[in-house]
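# Structure at a glance
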Amino acid sequence: MKRFAVIGDPIKHSMSPYMHNDLFQHYQIDARYDRVHIEKGMLETGLELLKKDGLAGFNVTVPHKTDILPFLDELDPLCKEIGAVNTVVNEKEKWIGYNTDGAGYLAGILKVMPELKDKKTLMIGAGGAARAIYFTLAHHGVETIDIVNRTKVRAEQLKAACPYPVQTAILSAEAAEQQLGEYDLIIQTTSIGMSPEIDDSPLDVTNIKENALISDIIYNPLEPKILQEGKSRGAIVQNGIEMFVYQGALAFEKWLGLMPDTDRMRKNVRKQLGGN
Ligand code: ATR
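The notes below deal with the structure included here. Everything numeric in this text was worked out from a predicted model, so none of it was measured.

Moving on, we get to the nonpolar core. Of all hydrophobic cores here, the largest spans 30 residues; its most connected members are Tyr105, Met123 and Leu137. Those elements that provide at least two residues to this core are α3 (77-82), α4 (101-112), α5 (128-140), β8 (145-148), α6 (152-161) and β10 (185-188). It is α5 that contributes the most residues to this core, 7 residues altogether. Apart from residues no more than four positions distant in its own chain, methionine 123 is found in contact with Ala130, Ile133, Tyr134, Ile145, Asp146, Ile147, Val148, Leu158, Ile187 and Thr189. With 22 residues, the next largest nonpolar core counts Ile11, Ala56, Ile96 and Val245 among its residues.

Next up, the structure:
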């Protein structure tokens, strides 16, 4: 039996095991996917145990996405640029690191906005998730991605670190709110609005353009406040289920050479989240 896992802290609420174990059953693959709790500071010891276990592959989540880099044998080029890993493949006892978060986000957004490159984009946030998305969209050829972040210097660092050409203005929240009507796509990458703080929103969307797309990487709640407010002003909204499903599908493909049925995965995740 092939064994897979997700490592992180906290880990007990991860939905990845439901998603992958269901796929193993569906495709009749003799494999199992478990949650492995590894605390910050215990990564090296935890990884030694995983190596002895002969895992075929694993996912990496908070707080290990960057800390794991020195323990891997090889890194995929985009993952190296992003500086964070969410998927590891065991290839003949070599651990190869990938990042499917950015590509997962891109796959989800292309479904609702297939012509992305000339769409004026605003990204809220400049943390780890923002970095994967920003680099991946710049790599895809998106021409303009402005950034608004509480800590301005982090946004400046993100802009400076990007190896792909992209035009970026760093904005204050006030400026972003005022000129919101210019944007076709607004990407929300912070944790603001996540359960249980469901009444919080990172930005006032009063000035949003009708038919603009707001995409939030949060999926709990299914409709964060910023999406509710955007929707009531005529925007199109997408929550974080798409990114979650596609990052998982792309990891599955790297491990097993098969792109799984994302409709099935989406239904499964919605069921776990109590949606329909
Ligand atoms: P992740 O890896 O999940 O992206 P992170 O690297 O800690 O997590 O980044 C979190 C993002 O959410 C950052 O953009 C952070 O803003 P700062 O760079 O100013 O810290 C943003 N964020 C989190 N909580 C916030 C809050 N209460 N108000 C404003 N921004 C917040």
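Attention now moves to the site of the ligand. The full set of residues close to the ligand is Gly125, Ala126, Gly127, Gly128, Ala129, Asn149, Arg150, Thr151, Arg154, Thr190, Ser191 and Ile192. The contact in question runs from an oxygen atom of the ligand to an N or O atom on the side chain of asparagine 149, over 2.7 Å. Between the ligand and the protein, one listed contact pairs an oxygen atom with a side-chain N or O atom of arginine 154 at 2.9 Å. Within the shell around the ligand, the residues separate by chemical class into 3 nonpolar, 7 polar and 2 charged.

Time to look at the sheet that holds strand β11 (residues 213-216). The strand order β9-β8-β7-β10-β11-β12 describes an open sheet built from 6 strands, whose pairing is parallel. The sheet is open, and its two edges are formed by β9 (170-171) and β12 (236-238), each paired on a single side. As defined by bridge partners, β11 adjoins β12 across 3 bridges and the pair is classed as parallel. Note on β12: the bridge partner recorded for leucine 213 is isoleucine 236. Strand contacts of α5: β7 (121-124), β8 and β10, with the helix running at about 165° to β8, the strand carrying the most contacts.

Turning our attention to the environment of asparagine 211. With respect to the element layout, asparagine 211 can be found in the loop between β10 and β11. For the pair asparagine 211 and lysine 231, spaced 20 residues apart in sequence, the C-alpha to C-alpha distance is 9.1 Å. Ignoring sequence-local partners within four residues, the contact set of asparagine 211 consists of Gly234, Ala235 and Ile236.

Scoring rules and cut-offs
Residues numbered from 1 in each chain as written. Predicted model: local features only at pLDDT ≥ 70, side-chain atom pairs only at ≥ 80, totals over all residues. Heavy atoms only, no water. Core = buried A, V, L, I, M, F, W, Y, C linked by side-chain atoms within 4.5 Å. Buried < 20%, exposed > 50% of the residue type's maximum accessible area, 1.4 Å probe, protein only. Helix = DSSP H or I, 4+ residues; strand = E, 2+ residues; numbered from the N terminus. Contact = heavy atoms within 4.5 Å. Near = heavy atom within 4 Å. Polar contact = N/O pair within 3.5 Å; in protein donor to acceptor, adjacent residues only side chain to side chain. Nonpolar A, V, L, I, M, F, W, Y, C, P; charged D, E, K, R; others polar. Pairing = 2+ DSSP bridges. Axes fitted to C-alpha atoms, helices over the stretch in contact; angles between N-to-C directions.

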